[in-house]
Amino acid sequence: MKILLTGAAGFIGWKVTEFLLADGHTVVGVDNLNDAYDVRLKHWRLDQLKDHPNFTFHRLDITSQKELRELWELKEQRGRGAEEQGSGGKRLDFGLRPWSL
């Protein structure tokens, strides 16, 4: 199964990617590589995955509709999407206020 995994360079995303690859899945990892903590650690994690034939990585910000659309439109990346996203202790504000609808 082809899986889109967000936050692939974070600790949880990296471990989930390892498990999925070991289980025979193809993983398309995305991450914006923000500086919530040492980016060298994120690069180290990606280096552990880069040579796996069923792993591809795209640096992008999932809050950017344009970047997501471009990724989604790539024919080779079509497949089932599974999302895992952490913010390294940061709270993201997307401007959504469901209680005011």
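Residues numbered from 1 in each chain as written. Predicted model: local features only at pLDDT ≥ 70, side-chain atom pairs only at ≥ 80, totals over all residues. Heavy atoms only, no water.

**Details of the packing of aromatic side chains**
Describing an aromatic ring pair means giving the distance of the ring centres and the angle of the ring planes.
No. 1: One pass over the full model with this rule turns up 2 aromatic pairs.
No. 2: Plain terms: the ring middles of Trp14 and Trp44 are 5.6 Å apart, the flat faces sit at 65° to each other, and that makes the pair edge-to-face. Placement of Trp14 in helix α1 (residues 11–22) and of Trp44 in helix α2 (residues 39–49) is noted, with a sequence separation of 30 residues between them.
No. 3: Residue classification places Trp44 among the partly exposed residues on the basis of a relative accessible area of 44%.
No. 4: Positioned above the aromatic ring of Trp14 is the side chain of Lys15, whose terminal nitrogen or guanidinium carbon lies 5.0 Å from the ring centre.
No. 5: The ring of Tyr37 is capped by Lys42, whose NZ or CZ atom sits 4.7 Å from the centre of that ring. (Phe/Tyr/Trp six-rings, centres within 6.5 Å; stacked < 30°, edge-to-face > 60°. Helix = DSSP H or I, 4+ residues; strand = E, 2+ residues; numbered from the N terminus. Buried < 20%, exposed > 50% of the residue type's maximum accessible area, 1.4 Å probe, protein only. Lys NZ or Arg CZ within 6 Å of the ring centre and 35° of its normal.)

**Quick look at the pattern of salt bridges**
No. 1: Under the definition given, this model contains 4 salt bridges.
No. 2: Here Lys50 and Asp47 are joined by a salt bridge, their closest N and O atoms 3.8 Å apart.
No. 3: On the basis of relative accessible area, Asp47 is assigned to the partly exposed category, the value being 42%.
No. 4: Salt-bridge contacts for Glu70 lead to Lys66; the nearest nitrogen and oxygen are separated by 3.1 Å. Note that Glu70 and Lys66 are positioned in helix α3 (residues 65–73) at a spacing of 4 residues, about one turn of the helix. (Salt bridge = Lys/Arg side-chain N within 4 Å of Asp/Glu carboxyl O.)

**Observations concerning unusual backbone geometry**
Negative phi is the rule for most residues except glycine; trans is the rule for most peptide bonds.
No. 1: One non-glycine residue, Leu33, adopts positive backbone phi at about 55°.
No. 2: Structurally, Leu33 is set in the loop between β2 (26–31) and α2.
No. 3: Overall, Leu33 belongs to the buried group, its relative accessible area being 7%.

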